[in-house]
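# A structural walkthrough
Each chain, letter by letter, is given below.
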Amino acid sequence: MNETEIIQALADGDDQALVVLYNLYSGKIYNTALSYTKIAEDAEEVTQDVIVKIYKNASTFKGESSLNTWIYRITVNTSLNYLKKKNRFTFFKNALTKPKPIDFDHPGVLLENKERAAALYKAIDCLSDNQKTAFILSFIEELPRQEVADIMEVSLKAVESLLQRAKKNMRVELQKIYLHRRNPRKKLSKEWR
Amino acid sequence: MNNEKDKWMENVFQSMKDSQRAKPSPELFTKIKNQISTAGVDPLLQWRYVVAAAVLMLLINSMALIYYIEYKQVNDEHVAVGRAYKQSLINSYQIY
């Protein structure tokens, strides 16, 4: 089944197409969502939401971008909205305490990279939505820059600029983590506690 | 020290390279299928019915109010005419 056939079959409500879609894209959707949410259950909820959205809106897919790009775009938007909703709820739940950054232990990371990957995810937390998306798609999903630009509906130059700013901001955060690593007695800034 | 720090940071940026993909739980597909099969009713359609019912209720209430005001005006006029007629009758016959 090619992209057009999958979409056409989904629009017709074909259950077999749903299985194909799930097998082809659930991994990409889940891993991208996991990079944003950093909690397996939340990532599954986002994945579920994305696949249902694709199934329901298959008839509106115009084919202006590739199916892969369209699915990534839905995943990014759903993940960001999910986080916003969750943060809003946390804010109402406890207006006085800022949500703590999660020590994320990605299940697929090599053992020798665990500590560094945890630091990476902590640093990603300090980024704006656009910088975060550019970074996750480029360095974690390892997509070509042009595809990242297509997903984000910006120019290639804009993606490069977002990545540069993201790395600059992350270096500031990583420096704090690095100093704390060398001197664990020294307290980290408030947001990391 | 700076070299060591820069190297560490570079390693952090590359730490997700060659990592394996995480996998969702095997039950996820069943959950999705269930959600799709139970989500037959379009929520937008439900909202349309609610809005239509609200507009209908508003129309009925407005009509009732208009009829009530009109009825009251006519009634007041009748009462006034009736009073004037009574007064003129009393005056003509000079009962009191």
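The structure presented is a predicted model; accordingly, all values stated were derived computationally and were not measured.

### Description of the overall build of chain B
Helix and strand counts for chain B stand at three helices and zero strands. Secondary structure of chain B in N-to-C order comes out as α-α-α. In terms of C-alpha radius of gyration, chain B reaches 40 Å, well past the compact-globule figure of 12 Å for 96 residues. Each of the three principal axes of chain B carries a C-alpha extent, and together these read 120 × 45 × 15 Å. Expressed as a percentage of its 96 residues, the buried residues of chain B come to 16%. With the model as given, the accessible surface of chain B reaches about 8200 Å², and the carbon-plus-sulfur share is 61%. In chain B, 11 positive and 9 negative side-chain charges are present, and the distance between their average locations comes to 5 Å.

### A look at the environment of Ile136 of chain A
All names here are of chain A. Mapping Ile136 onto the fold places it in helix α6 (residues 129-140). According to the relative accessible area criterion, Ile136 is buried, its value standing at 0%. Sequence separation between Ile136 and Val76 is 60 residues; the distance between their C-alpha atoms is 9.8 Å. Apart from the residues within four sequence positions on either side, Ile136 is in contact with Ser35, Tyr36, Ile124 and Glu141.

### Topic: the interface of chain A and chain B
Counting from both sides, the interface comprises 43 residues of chain A and, opposite them, 28 residues of chain B. Taken together, the two surfaces of chain A and chain B that pack against each other cover about 3400 Å², and 65% of this comes from carbon and sulfur. For the pair chain A and chain B, the interface holds four salt bridges. Between Lys33 of chain B and Asp15 of chain A there is a salt bridge whose closest N-O contact spans 3.8 Å. One can count six residue pairs in polar contact (both at pLDDT 80 or more) joining chain A with chain B.

### Some words on the packing of aromatic side chains
This model, assessed by the stated rule, comprises five aromatic pairs over all chains. Pairing Phe61 of chain A with Trp70 of chain A gives two aromatic rings, centres 4.8 Å apart and planes at 45°, and the pair type is tilted. Here Phe61 of chain A matches Trp70 of chain A in class, with each residue buried. Chaining the aromatic ring pairs together yields one cluster made of Phe135 and Phe139 of chain A together with Phe13 of chain B. In this structure, Arg145 of chain A is placed above the aromatic ring of Phe139 of chain A, and the distance from its NZ or CZ to the ring centre is 5.2 Å. A cation over a ring is seen here: Lys167 of chain A above Phe13 of chain B, with NZ or CZ 5.0 Å from the ring centre.

### What about the pattern of salt bridges?
Residues and elements named next belong to chain A. Overall, the coordinates contain nine salt bridges over all chains when judged by the stated rule. Ionic pairing is found between Lys86 and Asp42, a salt bridge with its closest N-O pair at 2.6 Å. In this pair, Lys86 is assigned in helix α4 (residues 67-93) and Asp42 in helix α3 (residues 40-57), connecting sequence segments 44 residues apart. Overall, the relative accessible area of 31% leaves Lys86 in the partly exposed class. The class of Asp42 is buried, set by a relative accessible area of 9%. The closest approach of N and O atoms between Asp129 and Lys84, which form a salt bridge, is 3.9 Å. Residue Asp129 is located in helix α6, and its partner Lys84 is located in helix α4; the two are separated by 45 residues in the primary sequence. Take Asp129: its relative accessible area is 31%, and that puts it in the partly exposed class. Given the relative accessible area of 45%, Lys84 is considered partly exposed.

### Brief notes about helix α1 (residues 2-13) of chain B
All names here are of chain B. In this model, α1 (twelve residues) spans 16 Å end to end at C-alpha, consistent with the 16 Å of a helix rising 1.5 Å per residue. Every buried residue of α1 is accounted for by Lys5, Trp8, Met9, Val12 and Phe13. Down the axis of α1, the smallest arc covering the buried residues is 140°, so these residues share one side. Opposite its buried face, α1 presents the exposed residues Asn3 and Lys7, each directed more than 90 degrees away.

What counts and how
- Residues numbered from 1 in each chain as written.
- Chains lettered and ligands numbered in written order.
- Predicted model: local features only at pLDDT ≥ 70, side-chain atom pairs only at ≥ 80, totals over all residues.
- Heavy atoms only, no water.
- Helix = DSSP H or I, 4+ residues; strand = E, 2+ residues; numbered from the N terminus.
- Rg over C-alpha atoms; globule rule 2.2 N^0.38 Å.
- Buried < 20%, exposed > 50% of the residue type's maximum accessible area, 1.4 Å probe, protein only.
- Areas by Shrake-Rupley, 256 points an atom, 1.4 Å probe, with all protein chains shown as cover.
- Lys, Arg positive; Asp, Glu negative; His and termini not counted.
- Charge placed at Lys NZ, Arg CZ, Asp CG, Glu CD.
- Contact = heavy atoms within 4.5 Å.
- Buried area = accessible area lost by both parts, 1.4 Å probe.
- Salt bridge = Lys/Arg side-chain N within 4 Å of Asp/Glu carboxyl O.
- Polar contact = N/O pair within 3.5 Å; in protein donor to acceptor, adjacent residues only side chain to side chain.
- Phe/Tyr/Trp six-rings, centres within 6.5 Å; stacked < 30°, edge-to-face > 60°.
- Lys NZ or Arg CZ within 6 Å of the ring centre and 35° of its normal.
- Expected span 1.5 Å × (residues − 1).
- Arc of directions from axis to C-beta.

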